[in-house]
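In case you want the letters, here they are:
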Amino acid sequence: MKIPSNTFSTRLRWLVAATLGAFLSAGMLYSATRDHQPAAQEKESRPASPDQSTSLNDQTDLAVTVYNSNIALVRDVRQLTLPSGAFRLKFMDIAATVNPATVHFRSLTEPEKLAVLEQNYEYDLLEPAKLLHKYVGKEVTLIRSYQENSSTKREEIKAILLSDNNGPVWKIGNDIVTGMFAESYRFPEVPANLYDRPTLLMSLDNSGARKHQIEASYLATNLSWNSDYVLTVARDDKAADLDGWVTLANNSGTAFHNARLQLVAGDLNRLPVGRGDVMEMRAMTKAVPAAPNFQQESFSEYHLYSLSRRTSVEDKETKQISLLQGSGVPVEKVFVVNGQNSYYHNQYSPGSPQKDPVMVFYKFKNEEKAGLGMPLPAGNLRVYQKDSKGGVLFIGEDRIGHTPKDETVTVHIGNAFDVVAERKQTDYKRIDTHVWEMEFEITLRNHKESPIVVEVNEPIGGDWEMLSSSYKFTKTAAWAAQFKVPVAKDGTSVLRYRIRAHW
């Protein structure tokens, strides 16, 4: 279009008219385009439902299955009222040590109507330093105290936080201020990406009813359990009482109230852990002295122990629950001397005695007729015995492995004080290039007030044969011999044997 070239005022009016026409045309084009947008875009422009939240107040059931490998499976059931369509749900009061990849969320009421679109685990928890850092670039109220006329007054200063690296940098008016001391800060609100507790933030789509019973299950670490046993042996070393306890430690970051508790014992195969903190245990110990109340059953290649009642365990708490009780369990006290394989490959100054420790063990069978019979999870076993005045004294401890029913439990409590074992090599002869003959003498002295039997185990090795022995021997393995030597009260027994070995 040609621009008029006459007077300045005429040209100005023409430009205004042209601009206004272009503006109106653009407005009409925008209106037409907007009126013909697809329905899907109109749906997206509608405001979404406000965020929903759920806490322990909505919980109707809770089950916790704890494995003896520092993990637990948590099944949390809640009754919720949810809006229709797409919305976000803040699922609060979960374990801080949850593994987000293991979360399984579903509706028990209408599982096909409630879909999970996305889930995030929010563990950036609210604390003063993080709150201040989130306000970089925003206005904060600084509160300071000062003295005036013998009285304390407070002043509030509006400031913009420019930076929070190794200390805050403020803009107050036109000044940039560092190193400013404030007694406290006042923030207008909590930032949306800070949470007062660990939270699962889930994007859901509800096409069903408003009321749903939902279940969230997940694996969490820093929940663990172990077994502890107390064996109280009678004065005659013939019988004992066995008490088993489950020690449950919760350092998961949340409490579990009125929960159905199950324990799984066994060697569980685990992938390497990529995330998880070791938390310091500052726990209060609660003992729950009760009759054995765990129901045991086989489960895959493990054993499952289900508590017959509900229980609660607080965060940072250790709880003990009775596992089993056995009375009058037959026990056997065993004295053992173990030789060393090196004794048979070297020449030890003939005639020079060498002392071997005499180890003391208690053995009992985990069988029903002994008042036991429940598979025993691995744990620490502590042994006590009464003195002459009836007081119970601690006499040793050991760790036992997972023990099925009808298997024998062997507990090492220490070394004998009043039983001495002295060994000397009385002969060492080379017969051929790879053949030797050796003779040993083991003297056993018993200073106790009762006779004993000492089990002597000799790991000879190689291809060997017993040429002579003063006590009967048993070939307990291809490379080992065992002697059971009785020793009288305040008496001495001497074991002599000669071997020929080929290496």
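Now for a description of the structure that goes with this document. Note that the structure is a prediction, hence the values are computed from the model and not measured.

A word on the packing of aromatic side chains
Right, so step 1: The final tally for this structure, using the stated rule, is eight aromatic pairs.
Right, so step 2: An aromatic cluster is present here, built from Phe-440, Trp-464, Phe-473, Phe-483 and Tyr-497 joined pairwise through their rings.
Right, so step 3: Cation over ring: Arg-78 sits above Phe-91, and NZ or CZ is 4.0 Å from the ring centre.

Description of the pairing of strand β13 (residues 211-221)
Right, so step 1: With eight of 11 residues buried, β13 lies mostly within the body of the structure.
Right, so step 2: The sheet contact formed by strand β3 (residues 71-81) and β13 spans 11 bridges and is antiparallel. For Arg-78, the partnering residue across the bridge sits in β13 and is Ile-214.
Right, so step 3: As paired strands, strand β5 (residues 104-107) and β13 are joined by four bridges and run antiparallel to one another. When the bridges of β13 are listed, Ser-107 appears paired with Ile-214.

A short note on empty space enclosed by the protein
Right, so step 1: Counted under the stated rule, the structure contains two cavities of 30 Å³ or more.
Right, so step 2: When its volume is computed, the largest cavity comes out at roughly 50 Å³.
Right, so step 3: For the largest cavity, the full set of lining residues is Val-64, Leu-248, Phe-256, Ala-259, Arg-260, Leu-261, Thr-311, Ser-312 and Val-313.
Right, so step 4: At the level of elements, β16 (256-265) and β20 (311-313) are the ones that each hand at least two residues to the lining of the largest cavity.
Right, so step 5: With four residues, the single largest contributor to the lining of the largest cavity is β16.
Right, so step 6: Residue classes in the lining of the largest cavity are distributed as six nonpolar, two polar and one charged.
Right, so step 7: Mapped by element, the contributors of at least two residues to the lining of the second largest cavity are β2 (59-67), β3 and β16.
Right, so step 8: Split into classes, the residues belonging to the lining of the second largest cavity amount to six nonpolar, three polar and two charged.

Describing the sheet that holds strand β10 (residues 175-178)
Right, so step 1: The strand order β10-β9-β8-β7-β11 describes an open sheet built from five strands, whose pairing is antiparallel. Among the strands making up the open sheet, the edge pair consists of β10 and β11 (184-186). When strand polarity is set aside, the average angle formed by the axes of neighbouring strands in this sheet is 45°.
Right, so step 2: One ladder, built from three bridges, connects strand β7 (residues 139-148) with β11; its direction is antiparallel. Looking across to β11, one finds that Leu-142 is bridged to Tyr-185.

Brief notes about the sheet that holds strand β33 (residues 480-487)
Right, so step 1: Taken together, the six strands give an open sheet; going across it, the order is β27-β24-β22-β30-β33-β32, and neighbouring strands pair in mixed fashion. The strands lining the two open edges of the sheet, one partner per strand, are β27 (408-415) and β32 (473-477). For this sheet, the mean angle separating the axes of adjacent strands, direction not counted, is 30°.
Right, so step 2: Inspection of the sheet shows β32 paired to β33 by three bridges, in the antiparallel sense. Among the inter-strand pairings, Thr-474 is bridged to a residue of β33, identified as Gln-482.

Regarding the environment of Leu-162
Right, so step 1: By the secondary structure assignment, Leu-162 is in strand β8 (residues 151-164).
Right, so step 2: On a C-alpha basis, the gap between Leu-162 and Ile-176 in space is 8.7 Å, while along the polypeptide they are 14 residues apart.
Right, so step 3: Those residues in contact with Leu-162, other than ones at most four positions away along the chain, are Val-136, Val-169, Trp-170, Lys-171 and Ile-176.

What to know about the side chain of Gln-482
Right, so step 1: The topology assignment puts Gln-482 in strand β33.
Right, so step 2: With a relative accessible area of 17%, Gln-482 lands in the buried category.
Right, so step 3: A polar contact of 3.4 Å, which involves the side chain of Gln-482, links it to the side chain of Glu-455.
Right, so step 4: Among the polar contacts made by the side chain of Gln-482, one reaches the side chain of Asn-457 at a distance of 2.8 Å.

Cut-offs used in this document
- What you see as residue numbers is a count from 1 along each chain, following the sequence as written.
- With pLDDT at 70 or above as the cut-off, local features in this predicted model cover only qualifying residues; side-chain atom pairs require 80 or more to be listed or tallied, and sums for whole chains, interfaces and linings still use all residues.
- Only hydrogens and water are removed before side-chain values are computed, so all heavy atoms of the structure are retained for them.
- Note on aromatic pairs: the rings of Phe, Tyr and Trp (six-membered ring only in Trp) are paired at centre separations within 6.5 Å, and the planes decide the class, stacked below 30 degrees, edge-to-face beyond 60, tilted for the rest.
- Remark: a charge is flagged as sitting over a ring if the NZ atom of Lys or the CZ atom of Arg is within 6 Å of the ring centre and within 35 degrees of the ring normal.
- Note on exposure labels: buried denotes an accessible area under 20% of the residue type's maximum, exposed denotes more than 50%, and partly exposed covers the range between, all computed with a 1.4 Å probe on protein chains only.
- Secondary structure follows DSSP: runs of H or I at least 4 residues long count as helices, runs of E at least 2 residues long count as strands, and numbering of each begins at the N terminus.
- Whether two strands pair depends on DSSP finding at least two bridges between them.
- The rule is simple: put a 1 Å grid over the protein atoms alone, call a set of points where a 1.4 Å probe fits but cannot get out a cavity, call an open set with protein on both sides within 12 Å along at least five of seven lines a pocket, and count a residue as lining if it has an atom within 4 Å of a point.
- Grid points are joined across faces, edges and corners, and a volume is the space filled by probe spheres set on the points.
- All amino acids are sorted into three groups, where Ala, Val, Leu, Ile, Met, Phe, Trp, Tyr, Cys and Pro are nonpolar, Asp, Glu, Lys and Arg are charged, and the leftover types, Gly among them, are polar.
- To get an axis, fit a line to the C-alpha atoms, keeping to the stretch in contact for a helix; angles then go from 0 to 180 degrees between the N-to-C directions.
- In this analysis, two residues are considered to be in contact whenever any of their non-hydrogen atoms come within 4.5 Å of each other.
- Definition of a polar contact: a pair of N or O atoms within 3.5 Å, with one able to donate and the other able to accept a hydrogen when the atoms are protein atoms, and with sequence-neighbouring residues admitted only if both atoms are side-chain atoms.

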